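# Inside the fold
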Amino acid sequence: MEFLAALLLAGLVAGYLVLAGCDIGLGMLMPYVARTGAERRRAVSAMAPYFLGSEVWLIGAVGVAMGLLPALKSHVFTGLWPVFAALLAGWLLRDAGLWMRGRMRTGAARAVCDTGIVGGSWALALSWGAVVGGLLAGGGVLSPVALACAPAAAALFALRGAAFGAERLLPVSADTAARATRPLARTALAGGAVAAGASALPGGVAAERPLAAAAAALVVLGAPAATSGLSGPRLSRHTSAAALASVPLLIAAAVDLPVEPVPAGTAVLFWSALAPVVPFMVLGQVWLYRMVRRPAPDPGFFG
């Protein structure tokens, strides 16, 4: 039962990273791909469905961790609370900018919201990278691998956002986003290589299964390597998703995280409530992903 709970948690985290990578990455790239007011409005309209949908997966992951894996919850949040504080601040800043931008009537106020979107997106990407590095290092927030994972994760998020923007920001900004995929793939590959090198330093990866960790790391590094010589969203859309989805696999392969059984009554109650919901979540997110692959509409509520 604990294995199924851990598998479900990994799937939810992977789903969040793949979907949230689109809006977080595009938010990071807004100063580059959306330089005029009209382009920024379209970028926000492109991000809006994704940031609302992806957070469902994160809420589900938190619920599974708290209900079925309480020892894991305590281990993760207790050791990395400064990083999660920064992550929460970035999350609130980014979401506030997205919600409020369309309500602002002056250019200065919209510029403040744009700053919140960009700054919050960077904070989210760097914080998630630090969380991954901290877990790999056994809770060391300032370990070499944690510090190296933060920019590597930011590059992966930006690559995901560039591929997403190349599809959604037609007809004006899509070419700019498409041209960014190749240098971002190379940056992500270089950042991943630096993080792999940092794992060999003192305070690096606390790997109980080094061979499995190396195999999982090759998946994370191999995905951006496959598109490091290509521009455009055709392949980078898939490789960026594969790299981000492989991150929970890397953590599970490298580190023995604490997993303890929960009372039988709690497990039955939790699974009875959760099992009917998960298929609808998956189907709904697949439908959302297919629906919003088309070019973003003219600015609406969020623009």
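See the structure printed just above.
These remarks concern the structure in this document. In this convention, every chain numbers its residues from 1, walking through the sequence in written order. Confidence filtering applies because this is a predicted model: local features only for residues at pLDDT of at least 70, side-chain atom pairs given and counted only at 80 or more, and all residues used for totals across whole chains, interfaces and linings. Derived side-chain values reflect all non-hydrogen atoms in the structure, with water molecules and hydrogen atoms excluded from consideration.

### What about the nonpolar core?
Formed by 83 residues in total, the largest nonpolar core has its most connected members in Tyr16, Ile24, Met47, Trp128, Val131, Leu136 and Phe157. Secondary structure counts use DSSP, requiring at least four H or I residues in a row for a helix and at least two E residues in a row for a strand, with both numbered from the N terminus. Among the elements that line this core, the one with the most residues is helix α3 (residues 37-68), at 13 residues. Every residue pair with non-hydrogen atoms within 4.5 Å of one another is taken to be in contact. Residue contacts for methionine 47: discarding those within four places in its chain leaves Asp23, Leu26, Gly27, Met30, Leu98 and Ile117. Within this scheme, the nonpolar core is defined by two criteria: the residues are buried Ala, Val, Leu, Ile, Met, Phe, Trp, Tyr or Cys, and they are joined through side-chain atoms within 4.5 Å. Relative accessibility under 20% of the residue-type maximum defines a buried residue, over 50% an exposed one, and the middle range a partly exposed one, all with a 1.4 Å probe and only protein chains included.

### With respect to the packing of helix α4 (residues 70-79) against helix α5 (residues 81-101)
When two helices pack together, you describe them by how their axes are tilted relative to each other and by the distance separating the axes. To get an axis, a line is fitted to the C-alpha atoms, and for a helix only the part in contact is used. The angle between two axes follows their N-to-C directions and goes from 0 to 180 degrees. The interhelical angle for the contact between α4 and α5, taken along N-to-C directions, is 80°, at an axis separation of 5 Å. As far as their axial angle goes, α5 and α4 are roughly perpendicular. Mapping the contact onto sequence places Val76, Phe77, Thr78 and Gly79 in α4 and Trp81, Pro82 and Phe84 in α5. Just so you know the grouping, Ala, Val, Leu, Ile, Met, Phe, Trp, Tyr, Cys and Pro go in nonpolar, Asp, Glu, Lys and Arg go in charged, and all remaining residues, Gly too, go in polar. Classifying every residue of the contact of α4 with α5 by side-chain character gives five nonpolar, two polar and no charged. When an angle is under 35 degrees it counts as roughly parallel; over 145 it counts as roughly antiparallel; between 65 and 115 it counts as roughly perpendicular; any other value is oblique.

### Side note on the pattern of salt bridges
The salt bridge definition used is simple: a Lys or Arg side-chain nitrogen within 4 Å of an Asp or Glu carboxyl oxygen. One pass over the full model with this rule turns up six salt bridges. Across the pair arginine 101 and aspartate 114 runs a salt bridge whose closest N-O atoms are separated by 2.5 Å. Of this pair, arginine 101 sits in helix α5 while aspartate 114 sits in helix α6 (residues 107-136), and the two are 13 residues apart along the sequence. Here arginine 101 falls in the buried class, since its relative accessible area comes to 3%.

### Some words on helix α8 (residues 174-198)
An α-helical turn contains 3.6 residues, so a residue and the one three or four places further along point in the same direction. Under the convention used throughout, the expected extent of a helix is 1.5 Å for every residue step, that is, one less than its residue count. Counted at 1.5 Å a residue, the expected span for α8 with its 25 residues is 36 Å, and the 35 Å between its end C-alpha atoms agrees. Along α8, the sharpest change in direction is near 30° and occurs at threonine 181; proline proline 183 comes one to four residues later. To get the bend at any residue, fit one axis to the seven residues that end at it and another to the seven that begin at it, then take the angle between the two axes.

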